[in-house]
Amino acid sequence: MIDDEGQLLGIMPPYEALKKAREKNLDLVEISPTAQPPVCRIMDYGKYLYQQEKKEREAKKHQKTITVKEVKFRINVDDHDYETKKNHVLRFLANGDKVKATIFFRGREMTRTGLGRQILERLIKDVEAQSIVEFRPRQEGNTLHAILAPKKAEVPKKAEKPRPAAPAAAAPSAPPAQVAKPAS
């Protein structure tokens, strides 16, 4: 049994532990039920749940969600249309999104899958400076697709500043004074 201040109270029967928790107007929470004997703690369980939720919300603020943007091509795409869609791909990659380039074959176009591969290979070659290829062009049914991801920006290492030399005749310093916390 552990009290609300983190002090170990020792082994006691459940009714006695519950009595101590009610005296302090707190909850008795079983922390480790599989231990021998089980470990319980006196705490404000509602406050604990609130703090856990607050930590999770704070962690969500700092995480980056990666979205996958899709750009669709046709096998008979014109040069200007290709350039426009390539620029869309570059913009998506610059924003940190992944890009799925898709070519959808209809009817007799299925016999010309080589043209679709050429378009995707050309796209990969044109944007290779800004992207890495996660999946090479592959066919699934009547669609051919490739997935591109933005390149990781390399973080330059900071140059370490030289430390000033300490004076040779310096006396050893005294340890810092202990500060006592007031009881609350």
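Residues numbered from 1 in each chain as written. Predicted model: local features only at pLDDT ≥ 70, side-chain atom pairs only at ≥ 80, totals over all residues. Heavy atoms only, no water.

J.: Explain the pairing of strand S1 (residues 27–32) to me, please; I cannot follow it from the model alone.
T.: Regular strands show a simple pattern: their side chains alternate between the two faces of the sheet. Bridge analysis of S1 against strand S2 (residues 39–43) gives five bridges, and the strand direction is antiparallel. Residue pairing for S2: Asp-27 is matched across the bridge by Met-43. In textbook terms, the turn of a hairpin is the stretch between consecutive antiparallel strands, and for S1 and S2 this stretch comprises six residues. (Pairing = 2+ DSSP bridges. Helix = DSSP H or I, 4+ residues; strand = E, 2+ residues; numbered from the N terminus.)

J.: In this structure, what is going on with the side chain of Lys-86? I would like to understand it.
T.: Mapped onto the fold, Lys-86 is located in helix H3 (residues 79–94). For Lys-86, a relative accessible area of 14% translates into the label buried. Those residues within four positions of Lys-86 in sequence are excluded, and the remaining contacts are Leu-123, Asp-126 and Val-127. (Buried < 20%, exposed > 50% of the residue type's maximum accessible area, 1.4 Å probe, protein only. Contact = heavy atoms within 4.5 Å.)

J.: Explain the pairing of strand S5 (residues 131–140) here, please?
T.: The pairing of S5 with strand S6 (residues 143–150) spans seven bridges and is classified as antiparallel. For Arg-138, the partnering residue across the bridge sits in S6 and is His-145. Hairpin remark: S5 followed by S6, antiparallel, with two residues in the connecting loop; positive phi at Gly-141, about 70°.

J.: Where do I start with the environment of Asn-25 in this structure?
T.: Relative to the helices and strands, Asn-25 resides in the loop between helix H1 (14–23) and S1. For Asn-25 and Met-43, which are 18 residues apart along the polypeptide, the C-alpha to C-alpha distance reads 9.2 Å.

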